[in-house]
Amino acid sequence: MSVSRRGFIKLLGAGTAALGLSRLGIDLSPTQAYAAGLKIEGAKESISICPFCSCCCNVLVHAKDGKIINVEGDPDYPVSGGGLCAKGASLKSLHNSPERLTKPLYRAPGATKWVEKDWDWMMERIAKRIKNQRDRDFKAKNASGAVVNRLESVFHLGSSQVSNEEAAVLHQMIRAFGIVHFDHQARICHSPSVPALAECFGRGAMTNHYSDLGNSDAVLIMGSNCAEHHPMTFRWINMAKEKGAVVVHVDPKFSRTSARSSYHVPIRSGTDIAMLGGMIKYILDNKKYFEEFVVNYTNASFLVGEKYSFKDGMFAGFDAAKGTYDKGAWAFEKDEKGLVKRDRTLKHPRCVINVMREHYSRYDLDKVSSVTGVSKADLLRVYEDFSATGKPNKAGAFVYALGWTQHSVGVQNIRASGLIQQLLGNVGVAGGGIAALRGEPNVQGTTDHALLYGYLPGYHSTPTAKYQSLGEYLKAYTPKSADPMSVNWWQNRPKYVVSLLKSWYGDNATKDNDFGYSWVPKMDPGEDYSHLYIFDRMYKDQIKGGLCFGHNPCQSVPNSNKVRKAWDKLDWLVIGEVFHNETTDNWRRPGVDPKKIKTEVFLLPSAYRAEKAGTISNSGRWHMWHYKCAEPLGKSRNMGEMFVEIMNRVRDLYLKDGGAFPEPITKADYPKTFDAEAVAKRINGVFTRETTVGGKTYQRGQCVPGFPNLKDDGSTTSMNWLYCGGFTEEAGNLAKRRDLAQTPMQAKIHLFPKFAWAWPMDRRILYNRASVDVNGKPYNPDKAVIEWKDGKWVGDVPDGGQPPMAMKDGVYPFIMHTEGHSQLFGPGREDGPFPEHYEPAETPLTVNPFSAQMHNPVMKVIKSDMDKLAEHGDPRFPIVLTTYSLTEHWCSGSETRNGPALLEAEPQQYIEMSHELAKEKGVKNGDVVIVESLRGKTQAVAMVTVRVKPFTIMGKTTHLVGMPFCFGWTKPKCGDTTNRVTVSIGDPNTSIPEYKACLVNVYKATKVTEL
Ligand code: SF4
């Protein structure tokens, strides 16, 4: 009998069920002696999940007498194999930290200190604040007279750390209040991933999963330092490298990722599209693409309409007055039946592949090298190494994180990698795809549950004033395909939207009242309610109060001097947090007189991860349950309980006193108390009446077995169709599953199909039908993901159960796209169907050699007296600044700065600069320097290093410096946030700010005040 390490520890007495070891035929004496000495003896062991990066390492938590006494990696978790990085290893000290918030704290307007209050007092006052503001400012109609039923003067920010169950009840509450200024951390970390990946392949998620990286023949890491920031990812990249894969790190600075890669290529921040555009040209010119895949599965053969053009940096359809494109100019040409015209010979000049060839013909080695600062030899080396995977038996993966997303071209950075993967046939195959290494652990799940203004849970656009009835809304967002071979999965949208409304409003949602559609707030078409605009409107006194849970925007949002001033203007603020941070205590920041800050602050102490149960979803879409391992510290409570209590108290006030448009609140089917398991069932969805599916009859209240069974007639509920199938009558809560069983075929590619559950429908590798030829035979039989055998699919859950494309009833593999093909030409994004190189909003260049268009022509520009941009090539700010995280601190650092070992390892703000720049500036290693931009200054310790080198850009020496973004003034001697100097410029698709490239100057400090 084999015993896993975890099982062994349990057997030693840490677990509740201590079996006799003699039953296993093991000599007990040495192990019993060892057990007696174990610090975990007699402790209760439970499984939790690290609350930091999206690797979501499972941990074993041991609690004794109500206190967490030990945390260690769970060896059964396939991604980590029991490993933890420095942050995960600090979980015990973070949970037990004396810095934890353990009591509700109140700060009265103008007060100079916090006062302790009880929960009841706080909740009552919060509910009244929300109701009063809502009654005062609720807007039934917009300026055009359309019904909008919304509340603009209150915001919600944050909560990417909460469980899926907490997110679901939070989203329902926010919509019930009518709040439209509703955003969370995905906006500022990975918001471009969804529109970029969805435009390429149909879904906005990481295509494969972490352990699949071990199957790659080439890994190209760009915009990520995953060895430090997603450390368990690197376990699999190392495995690939040991098996012979080439691992390339393209990044502005040398890091541990570079050190463990086959080689490192430095690049000027903000020029990734130039480099990748050069690779597209290389692949096309040298015919390195996988032709069978390109012709059959991508839209390479589609004919682009005659209105399309690209001239000197601008795509057709630009409306200068509006500053946007009319995407109608990018439509495909269709025949009389409505089918897109195709030329499978790829000869037609308006075939996508030929339009693409023409577009990237400008991306020659000389130009790319002069803009990126990458030598021509290095460019060629990367192009050759990665394009070698354009063969049926090879696979290459891209790995990226915030180094790609946080740009004014964030979406198109990712799209560029999507184009390459389609050309090389690296989609749906083991070891291929695009690994979006998301930020916080549940930013995937909370994005799925849409804590973002523009979506309802499950990726349905938030209704706008343009669609006054449910019928109009569904017609606008439900695509039709004339091609019988296209599954066009979004034709099912009405079923998912109606099931969502039935979840929210229960029996009050009927066909006659459009299932409560009028109770959902409507945005104004084209209006932006995201972070940058929330703070701009707050700064301009248009927002009065808000809710901020698990977020530190006064540290982590760019141009933080403005953000902090905007925060000062609020009348009231409710914050849920684990520790004090720059946002909770903004009213007492250095240089400010608290007596002049009028904000009434309610600070609610939050339970930490191991003190609550629920599910979170890692970047690979694994939906996993974490258990409550100990009681919340002090009087802290989980956020789900807080949300539910706030909603119920506001509802009670409306039921008692009436008020503005109470129906969305009083008619809501909302839990009375928070129970994660019960909400998990609601998320999956239930039948509202007796229904028979596949010969089995389900009663009202029983779980819907999967999203194919959801209906648009009101007979089903589901708070999120993507998660429907994860909690069934037959198998229960599948997020709790920890079965490591594999077939030999699955074991070959590190597929763990029974560990936890993955959306959609437990599929582990998305688009896996593209890993086989049109007859269902795997392109690479040694690493087969699925195979059509004896009339059925074997392997992973196929992405669409229909037969292979060449067979009777066969369908195209990209089932989420209306035309069934992946999209090289993507007509749906705001800034063009192909990625194009534009300079960052602040650039050291005075011309863009690729076109006359310097910047992304439709980037989001915020205008206020505090939003200033340096001129192109501004001599006052000649240095490019890029930002990054550290292994020891997570995101804003507001949690990890409270871990003594973590703070000791990385104690204060620093700036990495080259020896050449240091010499030019008269700065020595360890000197404190001032870093200055047009928006502010901050202090940092100089780290003079060979990890950063000067670039030669268009013949001139250009310096680049790098700073971490995890420090803040609430920890003495830490220094303050880098965001005092960064810019409020947004990508046009998602408004993610351009953190990763702005212009600064650096000089030696004459007086040190912050470090
Ligand atoms: S931070 Fe990420 S890699 Fe480190 S222990 Fe936590 S989940 Fe694992």
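Every residue gets a number counted from 1 within its own chain, in the order that chain's sequence is written. This being a predicted model, a pLDDT of at least 70 is required before a residue's local features are given, and a value of 80 or more before pairs of side-chain atoms are given or counted; all residues contribute to the totals for chains, interfaces and linings. Each side-chain value is worked out from all heavy atoms of the structure, with water and hydrogens disregarded.

(A) Representation of the site of the ligand in the model. Close contacts around the ligand come from C50, F52, C53, C56, C57, L84, C85, K87, G88, P231 and M232, and that covers them all. Strands are runs of DSSP state E lasting at least two residues, helices are runs of H or I lasting at least four, and both sets are numbered from the N terminus onward. Put simply, the parts of the chain that give the shell around the ligand at least two residues each are α3 (86–89) and α10 (231–242). Three residue categories are used. Nonpolar comprises Ala, Val, Leu, Ile, Met, Phe, Trp, Tyr, Cys and Pro, charged comprises Asp, Glu, Lys and Arg, and polar comprises the others, including Gly. Across the shell around the ligand, the residue classes break down as 9 nonpolar, 1 polar and 1 charged. Nearness here has a simple test: a residue counts as near a molecule or strand if at least one of its heavy atoms is within 4 Å of that partner.

(B) Quick look at unusual backbone geometry. In this model, W759 is joined to P760 through a cis peptide bond whose omega is -5°. Residue placement: P760 occurs in the loop between β29 (757–758) and β30 (786–789). Of note in this structure, N488 is not a glycine but carries a positive phi near 50°. Within the fold, N488 resides in the loop between α20 (470–477) and α21 (493–505).

(C) Local environment of the UniProt feature "domain: 4Fe-4S Mo/W bis-MGD-type" (unreviewed entry) in the chain. UniProt positions are given in the numbering used here, feature names are shortened, and annotations may be inferred rather than shown by experiment. With numbering aligned to this structure, UniProt lists the feature "domain: 4Fe-4S Mo/W bis-MGD-type" (unreviewed entry) at residues 43–99. Helix makes up 16% of residues 43–99 and strand 35%, with an end-to-end C-alpha separation of 25 Å.

(D) Just helix α16 (residues 376–387), in detail. Each residue after the first adds 1.5 Å to the expected span of a helix. Here α16 spans 16 Å end to end across 12 residues, near enough to the 16 Å set by a 1.5 Å rise per residue. When accessible area is computed with a 1.4 Å probe and restricted to protein chains, residues below 20% of their type maximum are described as buried, those above 50% as exposed, and intermediate ones as partly exposed. Of all the residues in α16, the buried ones are L379, V382, Y383, F386 and S387. Buried residues of α16, viewed axially, fall in a sector of 110°; they line one side. Each direction from the helix axis to a C-beta atom contributes to the arc, which is the arc of those directions.

(E) Up close: the sheet that holds strand β17 (residues 434–436). Here, strands pair whenever DSSP counts at least two bridges between them. Taken together, 5 strands build an open sheet; the order of strands is β11-β10-β9-β16-β17 and the sheet is parallel. In the strand order of this sheet, the two ends are held by β11 (263–265) and β17, each with one partner. The mean angle between the axes of side-by-side strands here comes to 20°, regardless of whether they run parallel or antiparallel. As paired elements, strand β16 (residues 396–400) and β17 share 3 bridges and run parallel to each other. Its bridge partner lying in β17, F398 is registered against I434. Here a residue-residue contact requires only that any non-hydrogen atoms of the pair lie within 4.5 Å. To obtain an axis, a line is fitted to C-alpha atoms, over the contacting stretch when the element is a helix, and the angle between two such axes runs from 0 to 180 degrees between their N-to-C directions. α10 rests against β9 (218–222), β10 (246–250) and β16 of the sheet, and its axis sits at about 140° to β9. Those strands touched by helix α18 (residues 410–424) are β16 and β17, and its axis lies near 175° from that of β16.

(F) Representation of the packing of helix α8 (residues 193–201) against α18 in the model. Here α8 crosses α18 at 25°, and the two axes come no closer than 8 Å. As the angle between them shows, α8 and α18 are arranged roughly parallel. Relative to α18, α8 is oriented so that their crossing is right-handed. Contacts between α8 and α18 involve S193, P195, A196, L197, E199, C200 and F201 from the first element and V411, I414, R415, G418 and Q422 from the second. Of the residues that constitute the contact of α8 with α18, the class distribution is 7 nonpolar, 3 polar and 2 charged. In these notes the angle categories are as follows: under 35 degrees is roughly parallel, over 145 is roughly antiparallel, 65 to 115 is roughly perpendicular, and the rest is oblique. For any helix crossing, the convention is left-handed if the near helix is rotated counterclockwise from the far helix by under a right angle, and right-handed if that rotation is clockwise.

(G) Up close: the pairing of strand β39 (residues 960–964). Burial analysis of β39 places 5 of its 5 residues in the buried class, the great majority of the element. Residues of β39 alternate between two faces, with L960, G962 and P964 on one and V961 and M963 on the opposite face, all of them buried. As paired strands, strand β33 (residues 879–884) and β39 are joined by 5 bridges and run parallel to one another. The residue of β39 that forms the bridge with Y884 is P964.

(H) Up close: the side chain of E895. Within the fold, E895 resides in the loop between β33 and α29 (900–905). Only four residue types enter the tally: Lys and Arg on the positive side, Asp and Glu on the negative side, with His and both chain ends excluded. A pair is scored as a salt bridge if a Lys or Arg side-chain nitrogen falls within 4 Å of a carboxyl oxygen belonging to Asp or Glu. One buried charged residue, E895, remains without a salt bridge, the closest side chain of opposite sign being R609 at 7.9 Å. Within polar-contact distance, the side chain of E895 engages the side chain of Y608 at 2.6 Å. With sequence-adjacent residues up to four places away left out, E895 is seen in contact with F52, L94, Q161, F579 and Y608. Definition of a polar contact: a pair of N or O atoms within 3.5 Å, with one able to donate and the other able to accept a hydrogen when the atoms are protein atoms, and with sequence-neighbouring residues admitted only if both atoms are side-chain atoms.

(I) Summary view of the confidence of the model for the chain. Confidence along the chain averages 95 in pLDDT terms, with 96% of residues attaining 70 or more. Confidence per residue, as judged by the predictor, is encoded in pLDDT with a range of 0 to 100. Confidence drops under a pLDDT of 50 for residues 8–26, and excluding neighbours within four residues, the segment shows 32 contacts in the predicted structure.

(J) Spotlight on the pattern of salt bridges. One pass over the full model with this rule turns up 61 salt bridges. Between E611 and R100 there is a salt bridge whose closest N-O contact spans 2.9 Å. Residue E611 is located in the loop between β22 (600–605) and β23 (614–617), and its partner R100 is located in the loop between α4 (91–95) and β4 (105–107); the two are separated by 511 residues in the primary sequence. You'll find E611 and R100 in the same group, each marked buried. A salt bridge links R588 to D585; its shortest N-O distance comes to 2.7 Å. You can call R588 partly exposed: its relative accessible area is 38%. Put simply, D120, E124, K128, R637, E641, E645 and R649 are held in one network by salt bridges that share partners.

(K) Local environment of the sheet that holds strand β2 (residues 58–64). The 3 strands are arranged β1-β2-β3 in an open sheet whose pairing can be described as antiparallel. Looking at which strands have only one partner, the edges of the open sheet turn out to be β1 (44–49) and β3 (67–73). Averaged over all pairs of adjacent strands, the angle between strand axes in this sheet comes to 30°, irrespective of strand direction. Across 6 bridges, β1 lies against β2 in antiparallel orientation. Its bridge partner being in β2, I47 is matched across the sheet by L60.

(L) Up close: the side chain of D272. Relative to the helices and strands, D272 is located in helix α12 (residues 272–285). Look at D272: it is buried, it has no salt bridge, and the nearest opposite charge is R268 at 9.5 Å. Among the polar contacts made by the side chain of D272, one reaches the side chain of W404 at a distance of 3.1 Å. Not counting residues within four places of it along the chain, the set of residues in contact with D272 comprises M222, I267, W404 and N413.

(M) A look at the packing of α20 against α21. Here α20 crosses α21 at 140°, and the two axes come no closer than 10 Å. By the angle class used here, α20 and α21 are oblique. The two elements α20 and α21 meet at a crossing, and its hand is right-handed. Along its contact with α20, which presents L470, Y473, L474 and Y477, the element α21 presents R493, P494, V497, V498 and L501.

(N) How the structure looks around the environment of S258. If you trace the backbone, S258 turns up in helix α11 (residues 256–260). For S258, a relative accessible area of 4% gives the class buried. Along the backbone, S258 and G550 are 292 residues apart, and their C-alpha atoms lie at a distance of 32 Å. Each residue touching S258, except ones within four places of it in the same chain, is listed here: H249, K253 and H264. A distance of 2.8 Å separates the side chain of S258 from the backbone nitrogen of S255, its partner in a polar contact.

(O) Geometry of the pairing of strand β21 (residues 572–577). Within β21, 6 of the 6 residues are buried, leaving the element largely enclosed by the surrounding structure. Of the two faces of β21, the one carrying W572, V574 and G576 and the one carrying L573, I575 and E577 are both buried. As paired elements, β21 and β22 share 6 bridges and run parallel to each other. Within the sheet, the bridge partner assigned to V574 lies in β22 and is F602.

(P) View of the environment of V498. Following the sequence through the fold, V498 ends up in helix α21. Here V498 falls in the buried class, since its relative accessible area comes to 2%. On a C-alpha basis, the gap between V498 and T717 in space is 7.7 Å, while along the polypeptide they are 219 residues apart. The residues touching V498, leaving out its near neighbours within four places in the chain, are L470, F515, K711, D712, D713 and G714.

(Q) Molecular detail of the packing of aromatic side chains. Only the six-membered ring of Trp is used, alongside the rings of Phe and Tyr, when aromatic pairs are assigned; centres must lie within 6.5 Å, and planes under 30 degrees apart are stacked while those over 60 apart are edge-to-face, with the rest tilted. According to the stated counting rule, one finds 49 aromatic pairs in the structure shown. On the basis of an interplanar angle of 25° and a centroid distance of 6.4 Å, the ring pair of F201 and F814 is categorised as stacked. Of this pair, F201 sits in helix α8 while F814 sits in the loop between β31 (792–795) and β32 (860–861), and the two are 613 residues apart along the sequence. Residue classification places F201 among the buried positions, given a relative accessible area of 1%. Ring geometry for W622 versus F755: centroids 5.9 Å apart, planes at 45°, classification tilted. Of the two residues, W622 sits in strand β24 (residues 622–626) while F755 sits in the loop between α28 (744–748) and β29, which places them 133 residues apart along the sequence. Overall, W622 belongs to the buried group, its relative accessible area being 1%.

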